[in-house]
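An overview of the molecular structure
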Amino acid sequence: MQAREEEQLFAVYHRTKEQLERMPVLGKTQTVCPVCKRVIEGTIYRDGDYVMIRKTCPEHGTFIEKYWEDYELYEKMMNFQYNGRGLENPNYIPDTSGANCPYDCGICDRHLSHTGLANVVITNRCHLNCWYCFFYAKEGEPIYEPSLDEFKKLFANLRAQRPIPPNAIQLTGGEPTMHPQIVEIVRAAREAGFEQVQLNTTGINLGLDPDLAVRLRYAGVNTLYLSFDGVSMRANPKNHWEIPFILEAARKAEIGIVFVPTVIRGINDQELGAMVNFALNHLDVVRAVNYQPVSLVGRMPDKAREQMRITIPGMIKELEEQTHGVINRDHWFSVPYTGIFDKFLEAVAGRYMYDMSIHFACGMGTYLFLDDDKKIVPLPEFVDVLGIYEYLRENYDEIKEEGGITKKLKAARVLLGIRRFVDEKKQPKSVNFLKLLTNFLMNKDFGSLGAIHHKTLFLGSMHFQDEYNYDVQRVERCDIHYAMPDGEVLPFCTFNVFPEIYRDKIQRQFSIPPEVWKKQHPDWSYSSDKYRRNVKLLQESELYRKVYGGIVDFFALPVNGGKPVPNAKPALPEVQDSAKSSEAFGVRVSQG
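So, a few notes on the structure that sits alongside this text. (Residues numbered from 1 in each chain as written. Predicted model: local features only at pLDDT ≥ 70, side-chain atom pairs only at ≥ 80, totals over all residues. Heavy atoms only, no water.)

1. Regarding unusual backbone geometry
Between Gly106 and the following residue, Ile107, the backbone shows a cis peptide bond with an omega angle of 10 degrees. As for its position among the elements, Ile107 is in the loop between helix 3 (71–78) and strand 5 (117–121). The peptide bond linking Arg162 to Pro163 adopts the cis configuration, its omega dihedral lying at 15 degrees. Summarising the element assignment, Pro163 is placed in the loop between helix 4 (148–159) and strand 6 (168–172). Residues other than glycine seldom take positive phi values, yet His324 does so here, at roughly 55 degrees. Secondary-structure assignment places His324 in the loop between helix 11 (312–322) and strand 12 (333–334). (Helix = DSSP H or I, 4+ residues; strand = E, 2+ residues; numbered from the N terminus.)

Right, here's the structure in full:
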């Protein structure tokens, strides 16, 4: 890179090269060059309130990227980091034992987390063409759509993992509901022993065919991991018009929903608070909002990345501003915070338990309660979350060393002591949180955890990596793993960030060339897979007008401070404007 080009790069971040070199270094890691993908050293450093990562490729020069947009929160969440357990019996063990990470993944000996959530691609066909999507079958590309028998073998391989077989699986795509045997695949996953089956979907096929939602529920789907990029059509041209019908289908089928917004600065980040409010309007069926800051995979100019990049703390700050502090940064905790509960449960049970040992910078979360008087109560407002953490950490070693009746008595004593960390005067009247938490710790199962989720709205955020912010230390702790038909298990951020090495290469081995697929499916074409939206029919329906016209802004109620959330109640659009918005996003509009 020429000196003038480097000066332009530093100017984007308002720093000179000399200023950057004087900034406090927080750590070193291995990363990759976004151009040639070679492994190079990365420096994680503090720049004011931001945490940044910089790296220099000998061939392509220096790259600078936002890592976390809150240094204080970074330091606080780092304290929850711990090492989990990898796999004792991976199906693929590289000879290098991970020395060339991330290019010899399989999963290897250096990986520190077992599979917490198994991702299985059902098909690469999709009825949409979202520009920010990781992948779908484009014109001329082979079709990846394994058979039911292949999925059964894949599920068996996952469940054979040790020391902790995964019990949660997400069926993804493409659009998984396009697989003709999706109901049978779900049933096979449950029969293989997965207790939690998520369907990662646009929801469009379910909204238009509610019977399919019912059949999927009876087959074993627990949760719809539903694309939802905002309340208005501007923020969410993907499925804004179908959302009312998807909600209704999920209600009738009794399937819980997790809203999953892909958050892009300048595109839909102005509706973060509105998304929470919309979820609260449908708390009978919506269990969570799980924000995913966009992963900017692929080459992109520096200024464009700066404009679109948002990190987890950046998202949290905007949410705090939009909700006028009702939800604030002190309410959020990093995912590995939960590790202390895992260790306590292991000490009591005397066996390995599920481990959430991901990197602290990968994900955060909190819980909201909506009380009988419509007051929004974040969990940390009445629970000393940090106090419980320290209390369990002080006691689990002692319990671990005991046996028999003594272990049980000490565990019971510890559970009774948790009461001091719950302020029952501030606790929502509609819930007995202490009882819910005690049941979970005593029963140690998904059912007890589910009881908590049915009483709350979980807010989460998971930021997947790209070539610019890549950190191998995050990858080696990843517990969201893709499982492939050849037996390989791959961390999310190797599978999707290096598609030419992993995702696309492996899937091509099990894909069908388009000309062969066409012979097997004579009526098929790439264009025939694509959804055609009848905007007029959807928008003029009573259900559409009821859902969007009847939104209650809970934050604007006096009990919550009386300040409205921006964009909580968007005006109902004109049909012609909706048609333009849909087609601008790439979804054709039907005139019927």
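So, next bit.
2. Focus: the sheet that holds strand 4 (residues 61–68)
Across the sheet, which stays open at both edges, the 4 strands sit in the order 1-2-3-4 with antiparallel pairing between neighbours. Only two strands of the sheet have a single neighbouring strand rather than two, namely strand 1 (25–32) and strand 4. Shown here is a sheet whose adjacent strand axes are inclined to one another by a mean of 30 degrees, direction ignored. With 7 bridges connecting them, strand 3 (residues 50–57) and strand 4 associate as antiparallel partners. Bridge pairing in strand 4 links Cys57 to Gly61. Against the sheet, helix 3 touches strand 1, strand 2 (39–47), strand 3 and strand 4, its axis set at about 75 degrees to strand 4. (Pairing = 2+ DSSP bridges. Axes fitted to C-alpha atoms, helices over the stretch in contact; angles between N-to-C directions. Contact = heavy atoms within 4.5 Å.)

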